[in-house]
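Geometric and topological summary
These are the residues of each chain, in order.
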Amino acid sequence: MPVNADGLPETATPAPPPGLVTVGRYDEGPGYAVSRPRGADSWLFTWTTDGHGSLTQGAAGAHPGAGDLVVLGPGVPHRYQVRPGARHWRFWWAHCQARPSWTAWLSPYAVGDGMYVVAPVPAALHDRMATAFARMLSDARWPGSDARPPGSAPDSVSPPPPDGPIAVAHGAAARELALCSLEEIVLLASAAARPLPQRPGVDARVSRAEALIAADPAAAHTVRSLAEGVALSPSRFAHLFTEQLGQSPMRALREARLRHAARLLEATDLPVERVAVASGFASPFHFNRVFRERHGTPPGAYRALCRRGPAAEAAPAIGWTAGFGHGSEGTGQLP
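Here we summarise the structure given alongside this text. (Residues numbered from 1 in each chain as written. Predicted model: local features only at pLDDT ≥ 70, side-chain atom pairs only at ≥ 80, totals over all residues. Heavy atoms only, no water.)

**As for unusual backbone geometry**
- Cis geometry is adopted by the peptide bond preceding Pro120, which originates at Ala119 and carries an omega value of -10 degrees.
- Along the chain, the position of Pro120 falls in the loop between strand S10 (115–118) and helix H2 (126–140).
- The phi dihedral of Asp113 is positive, around 55 degrees, even though this residue is not glycine.
- For Asp113, the location among the structural elements is in the loop between strand S9 (110–112) and S10. (Helix = DSSP H or I, 4+ residues; strand = E, 2+ residues; numbered from the N terminus.)

Rendered as structure tokens:
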């Protein structure tokens, strides 16, 4: 979608100060335009929900439609407007300083001059993205203290905000809560917009089914449910999967569950019975049998062997509460 950014007007529209977190939702008609010949000191995130916009930054540009996330980095001249010929442009927007981790998520979508075009975001995520933006708007208004945060029950069932509101997060807690919602938006869009890398000779639907299994091996997957997830009949899906990967879908599911179980045995102190359940095995007896067939040793002995290695002595197994920066090994218990 590259376009030229020549002819930016002399009159500049001020941007919010870089230290603020500002969020809003607009529905604008023909004639709406914002120009910043010197760029902005903050990042600008726009997510289109209806209609069409047009954004240019330096020599890069984009014409987003519904579901497209366009991000403009700071310090580069930019302009955005309702796309010529479009009846309107309805979009969420946010100005803030981006968290450092976001750059890596956005980098695959860079189109030059600090512009990132994350598109297309799958329609299945649009409701969640809209909810996250609405939550960002509400959290930015939270005064802190003993006031109930917006979105807390029973406010959580309140209708979405009307078009036009703008919120500026003034308090430290409001800013961080608002940024957490925006982080969810960036992560969802960047993780889902780019299609899965394709291996030569492997059908995209087979790769998608593999991804569904890997994402949640403990789920109650069946040939029918996996086939529905990739829009194939069960018989056609099972044949195509087996033909291309050399194993049936259910065999691939069992292997994924065994890999998941091995990771839990290596990294947690969960009892073997709970490892079995958390990995999708209904019977601990069946889990013990297939794990031994696969690894040549029972689950408990496998864990003991892992703990006796040099790497295990340097970094002992941790429980579920580790990794949150509290310096605790945790209890090894699932929530």
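Following the structure, the description resumes.
**Remarks on the sheet that holds strand S1 (residues 21–28)**
- One open sheet holds the seven strands; their spatial order is S9-S10-S6-S3-S8-S1-S11, and the pairing between them is antiparallel. Because the sheet does not close on itself, it has two edges, and the strands there are S9 and strand S11 (166–169). With direction set aside, neighbouring strand axes in the sheet form an average angle of 20 degrees.
- In this structure, strand S3 (residues 43–51) lies alongside strand S8 (residues 89–96), joined through eight bridges in antiparallel fashion. Looking at the pairing, Gly51 lines up with Trp89 of S8.
- Its contacts with the sheet put H2 on S1, S3, S8 and S11, and the angle it makes with S1 is roughly 125 degrees. (Pairing = 2+ DSSP bridges. Axes fitted to C-alpha atoms, helices over the stretch in contact; angles between N-to-C directions. Contact = heavy atoms within 4.5 Å.)

**Here we look at the nonpolar core**
- With 35 residues, the main nonpolar core has Val23, Phe45, Leu106, Met129, Phe133, Met136 and Leu182 as its most contacted residues.
- Ranked by residue count, the leading element in this core is helix H3 (residues 172–193), at nine residues.
- Aside from chain neighbours lying at most four places away, what touches Leu182 is Phe45, Ala94, Cys96, Trp102, Phe133 and Met136.
- Core analysis: the next-biggest nonpolar cluster, separate from the first, contains 17 residues, Val34, Leu44, Leu72 and Phe91 among them. (Core = buried A, V, L, I, M, F, W, Y, C linked by side-chain atoms within 4.5 Å. Buried < 20%, exposed > 50% of the residue type's maximum accessible area, 1.4 Å probe, protein only.)

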